[in-house]
Amino acid sequence: MPKPIITLLTDFGTRDYFVAAMKGVVLNICPDAMLVDITHEIAPFSIPEAAFTLTQASRYFPKGTIHIVVVDPGVGGARRPLLVQTGGQLFVGPDNGVLSLILQDGTPSETRVLSNPEFFLPEVSRTFHGRDVFAPVAAHLARGASPDRFGPVLTGPSPVGFDRPVQTAPNRWEGSIIKIDNFGNIVTNFDYEHFSWVTSAPFECEIAQQIISTYAPTYCESADSQPVALFGSAGFLELSLNRNSLAASWKAGVKEPVELRRQDTADG
Amino acid sequence: MPKPIITLLTDFGTRDYFVAAMKGVVLNICPDAMLVDITHEIAPFSIPEAAFTLTQASRYFPKGTIHIVVVDPGVGGARRPLLVQTGGQLFVGPDNGVLSLILQDGTPSETRVLSNPEFFLPEVSRTFHGRDVFAPVAAHLARGASPDRFGPVLTGPSPVGFDRPVQTAPNRWEGSIIKIDNFGNIVTNFDYEHFSWVTSAPFECEIAQQIISTYAPTYCESADSQPVALFGSAGFLELSLNRNSLAASWKAGVKEPVELRRQDTADG
Amino acid sequence: MPKPIITLLTDFGTRDYFVAAMKGVVLNICPDAMLVDITHEIAPFSIPEAAFTLTQASRYFPKGTIHIVVVDPGVGGARRPLLVQTGGQLFVGPDNGVLSLILQDGTPSETRVLSNPEFFLPEVSRTFHGRDVFAPVAAHLARGASPDRFGPVLTGPSPVGFDRPVQTAPNRWEGSIIKIDNFGNIVTNFDYEHFSWVTSAPFECEIAQQIISTYAPTYCESADSQPVALFGSAGFLELSLNRNSLAASWKAGVKEPVELRRQDTADG
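Being a predicted model, the structure only gives us computed values, none of them experimental.

A.B. asks: Help me out: how do you make sense of the sheet that holds strand β6 (residues 109-113) of chain A in this one?
C.D. replies: Working definition: the strands of a sheet are paired by backbone hydrogen bonds and lie parallel or antiparallel to each other. Residues and elements named next belong to chain A. Pairing is mixed in the open sheet, where six strands are placed in the order β2-β1-β3-β5-β4-β6. Looking along the sheet, the strands with just one partner apiece sit at the ends: β2 (34-39) and β6. Ignoring which end each strand starts from, the neighbouring axes of this sheet average 20° apart. Examined bridge by bridge, strand β4 (residues 81-86) and strand β5 (residues 89-94) share six bridges and lie antiparallel to one another. Residue pairing across strands places Leu82 opposite Gly93, the latter belonging to β5.

A.B. asks: How do you make sense of the interface of chain A and chain B when you look at a structure like this?
C.D. replies: How big an interface is tends to be stated in terms of the accessible area lost upon association of its parts. The interface of chain A with chain B comprises 30 residues on the first partner and 32 residues on the second. Both sides together, the interface formed by chain A and chain B hides about 2,700 Å², and carbon and sulfur atoms give 59% of it. Interface area lost by chain A to chain B is led by Arg15(A), Tyr17(A) and Thr127(A), which between them contribute 26%. Connecting chain A to chain B are two salt bridges. When the shortest N-O distance is used, the salt bridge between Glu49(B) and Arg15(A) registers 3.4 Å. Put simply, chain A and chain B have 12 residue pairs in polar contact (both at pLDDT 80 or more) between them. Sorting elements by how many residues they give to the side of chain A that touches chain B places helix α1 (residues 18-29) of chain A first, with eight residues.

A.B. asks: Explanation requested: the relation of the copies chain B and chain C in the structure shown.
C.D. replies: Relating one copy of the chain to the other requires a rotation about an axis plus a shift along that axis. Each copy superposes on the other: chain B lies on chain C with an RMSD of 0.0 Å after a rotation of 120° and an axial shift of 0.0 Å. Here the symmetry operator amounts to a three-fold rotation axis. For chain B, the smallest separation between a C-alpha atom and the rotation axis is recorded for Met34(B), amounting to 5.1 Å.

A.B. asks: What is the right way to read the packing of aromatic side chains from this model?
C.D. replies: A ring pair, where both rings are aromatic, is described by two values, the distance of the centres and the angle of the planes. For the structure on display, the rule yields 48 aromatic pairs over all chains. Between the aromatic rings of Phe12(B) and Phe18(B), the centroid separation amounts to 5.6 Å while the plane-to-plane angle is 70°, which identifies the pairing as edge-to-face. Taken as a pair, Phe12(B) and Phe18(B) share a single burial class, namely buried. One aromatic cluster is present, formed by Phe12(A), Tyr17(A), Phe18(A), Phe45(A), Phe128(A), Phe52(B), Phe183(B) and Phe236(B) through successive ring pairs.

A.B. asks: I tried to follow the pattern of salt bridges on my own but got confused; where do I start?
C.D. replies: Residue and element names in this part refer to chain C. Scanning all chains against the criterion turns up 42 salt bridges over all chains. Between Arg131 and Asp132 there is a salt bridge, with the nearest N and O atoms lying 2.6 Å from each other. Considered together, Arg131 and Asp132 belong to a single accessibility category, that of buried residues. One salt bridge connects Arg261 with Glu259, and the closest N-O pair in it is separated by 2.6 Å. The class of Arg261 is buried, set by a relative accessible area of 7%.

A.B. asks: What am I meant to see in the environment of Val166(B) here?
C.D. replies: Residue and element names in this part refer to chain B. Mapping Val166 onto the fold places it in strand β7 (residues 166-169). For the pair formed by Val166 and Glu259, sequence separation is 93 residues and the distance between their alpha carbons is 9.7 Å. When sequence neighbours within four positions are dropped, the list of residues in contact with Val166 reads Arg172, Trp173 and Glu174.

A.B. asks: Looking at this structure, how should I read the packing of helix α1 (residues 18-29) of chain C against helix α3 (residues 129-142) of chain C?
C.D. replies: A packed helix pair is summarised by two numbers, namely the angle formed by the two axes and the spacing between the axes. Residues and elements named next belong to chain C. Relative to each other, α1 and α3 sit at 35°, their axes nearing to 8 Å. The interaxial crossing formed by α1 with α3 has right-handed handedness. On α3, the residues touching Ala21, Met22, Val25, Val26 and Ile29 of α1 are Gly130, Arg131, Ala135, Pro136, Ala139 and His140. Looking at the contact of α1 with α3 residue by residue, the class counts come to eight nonpolar, two polar and one charged.

A.B. asks: It is not clear to me how the relation of the copies chain A and chain B should be interpreted in this structure. Could you clarify?
C.D. replies: Rotating chain A by 120° and moving it 0.0 Å along the rotation axis overlays it on chain B with an RMSD of 0.0 Å. Mapped onto chain B, only 3% of the interface residues of chain A are again interface residues, and the two copies thus contact each other with different surfaces.

A.B. asks: How should I be thinking about α1(C) in this particular structure?
C.D. replies: Structural remark: α-helix, 3.6 residues per turn; residues separated by three or four positions point the same way. Residue and element names in this part refer to chain C. The end-to-end C-alpha separation of α1 is 17 Å, in line with the 16 Å expected for 12 residues at 1.5 Å each. Within α1, 11 of the 12 residues are buried, which leaves it mostly tucked inside the rest of the structure. When we look at burial in α1, the residues that qualify are Phe18, Val19, Ala20, Ala21, Met22, Lys23, Gly24, Val25, Val26, Leu27 and Ile29.

A.B. asks: Just checking my understanding: could you explain the interface of chain B and chain C for this structure?
C.D. replies: Contact residues are listed per partner, giving 30 residues for chain B and 32 residues for chain C. Here chain B packs against chain C, burying approximately 2,700 Å² in sum over the two surfaces, 59% of which is carbon and sulfur. The three residues of chain B that bury the most area against chain C are Arg15(B), Tyr17(B) and Thr127(B), which together make up 26% of that side's buried surface. With its nearest N and O atoms 2.8 Å apart, the salt bridge here joins Lys179(C) to Asp16(B). Counting the contacts that link chain B with chain C gives 12 residue pairs in polar contact (both at pLDDT 80 or more). Looking at which element gives the most residues to the side of chain B that touches chain C, the answer is helix α1 (residues 18-29) of chain B, with eight residues. Classifying every residue of the side of chain B that touches chain C gives 14 nonpolar, nine polar and seven charged.

Rules of the game
Residues numbered from 1 in each chain as written. Chains lettered and ligands numbered in written order. Predicted model: local features only at pLDDT ≥ 70, side-chain atom pairs only at ≥ 80, totals over all residues. Heavy atoms only, no water. Pairing = 2+ DSSP bridges. Helix = DSSP H or I, 4+ residues; strand = E, 2+ residues; numbered from the N terminus. Axes fitted to C-alpha atoms, helices over the stretch in contact; angles between N-to-C directions. Contact = heavy atoms within 4.5 Å. Buried area = accessible area lost by both parts, 1.4 Å probe. Salt bridge = Lys/Arg side-chain N within 4 Å of Asp/Glu carboxyl O. Polar contact = N/O pair within 3.5 Å; in protein donor to acceptor, adjacent residues only side chain to side chain. Least-squares fit on C-alpha atoms with pLDDT ≥ 70 in both. Phe/Tyr/Trp six-rings, centres within 6.5 Å; stacked < 30°, edge-to-face > 60°. Buried < 20%, exposed > 50% of the residue type's maximum accessible area, 1.4 Å probe, protein only. Left-handed = near helix turned anticlockwise from the far one by under 90°. Nonpolar A, V, L, I, M, F, W, Y, C, P; charged D, E, K, R; others polar. Expected span 1.5 Å × (residues − 1).

In short, geometric facts, not functional conclusions.
Put into structure tokens, the structure is as follows:
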């Protein structure tokens, strides 16, 4: 039988003892867990980036994987700790939207409120639920405890952590920047499902008066100095400069709005 | 039987081949070791930060865990390589204070000088004892070699790597900054054991003429723009600005002294 | 039987979902793989740094280890994906020089072009072969698939990713900076095999008119403010300032040339 896989996704960085404490807690309860870091470098408190990264990464993991997500600006406050089951995987994290994107694809899911202290550390601090609540819960799940023992099913709406582009005119949409990746590519929230026309119709994509109107199917095909748009492996529209950081060149940050315009109609 | 756990704590960063070389050495000797990174981003040569991070992280790991600590400005010089047994765990690292905090809690311990070259790599370089001494020693311990085979028991004092606050007047103490964490919280060396009165008595905590006099039991309860003091999950007094970096806002670095004053007495 | 070891070496950074997606793909195919990160912080597209880091790290891993190397500026273009067998280990990566250094030591090797789509993900994107080609190939190798099933043997030359120093006069060589390590040491491409005379003969090593002429066998032996040259644990000449960053002090970056001069002859 393969070892249970537990992933960790946080905004804790890797300089502090936080992540190691969570791993120690897991291994105390479930010594044969296989721990995999998704990332610990989510921008502090950035729920959209966490939701995006979780969705992109989790789809490549086997069924049965348990994901711990701790981007939790409201720790110690009123937000609820959750357990979500969907697509054969389990997710634990706070009820602040970080788990919202994995729920938006029509797959059946069940969400529970983590309320059974039997699965928490004996003492739950007010500042570090990753260690005291989410890590031990994940470890007990990895050991085979049934989800229905962790708390009641959540009914009613959950916070949404991820903005979708908004249509502002017949052929205009305003979107946002989810993240700047390691190569300086700008990842927008324009998804292939709704905006695949960009691959074939004339368009303009604008950030702070800087405009891209070229679609390139691969990074390599762009002339070196010419920024292009392409759908990255994540299925979101990315703006890219071949072998250089477009984000640095454009001085674009995650706060900037992104306007997408379709140009093949009169009102484009 | 669970796999032996070996953790790594260094100031090597994660850009170089150093950490991977240590892991390769371990896996060559003990192929079923489970390797867990505590962190490799201790500030270069910062023994207090390493000692603090080790103590905080190690307490969450199971008995039998072996910790490798390599923050070692004196590598190649006269300092001795050590093996410490305490609390059911094993620690290997240089005799420069990085192992001093785990020894300060009254738990029985035994410290040995690593002197048996049978457990080192055949060739020991002068610059990389992490790979040539500490990694192979940890791997042999993980395979079950008895600690007494590694070298003689150390008697006499060991360097101390960690300053405690100093009382400078009846109600004044001067402490220091152990580290700035990933969220910009300032972790001081005022521990809960000696300074829990901060939670209930009036106080002032000052860094470079900037003063905090509010205690908040949780990050969330502070008004967004008001810095507060709280005992973090580590048991040390932290100074914090809700959802913002206090260290950046105050331009506070680890060199700055911290003064704590108790205010409910005449001489406060 | 020990678990198969798969290492990962990329320029993806650790903020994005890229590395986790590769690990998920591996674990889907080979659930008992032991994953070890070499580094994900190769400077973007830096083939020399990747080739150097791979060679240094891989030598410490057991026989049978499978290394995935993804520093791949040409992804989606004409470069070929390769599988190299040498020294009892397996390496997968693009044909752009990242695998060139492991081949230069006279050890027998066999290189194949990865062309059998049976071992790729069903859909291969144009932008992320790390996930779609190299990760699944490594996982199938870890499960025991024979290398000859992955594609034909490569004949003819392969790109070279790593410059060797060039002799410019009887006692002058021009070399380059491979990388600046985490401590600010400057790692040059002058190797011990060809330049061991530096340890015993008078020399000058110059970067941007700043000169070192002292060799020190260990970091500790240098006076604190005096930069020295030494052969690091990697076997390359490193320029170092004890407990300080020489790279920061000299403002030296990887683009700078390095001149080495031998001084014990008339034309030195």
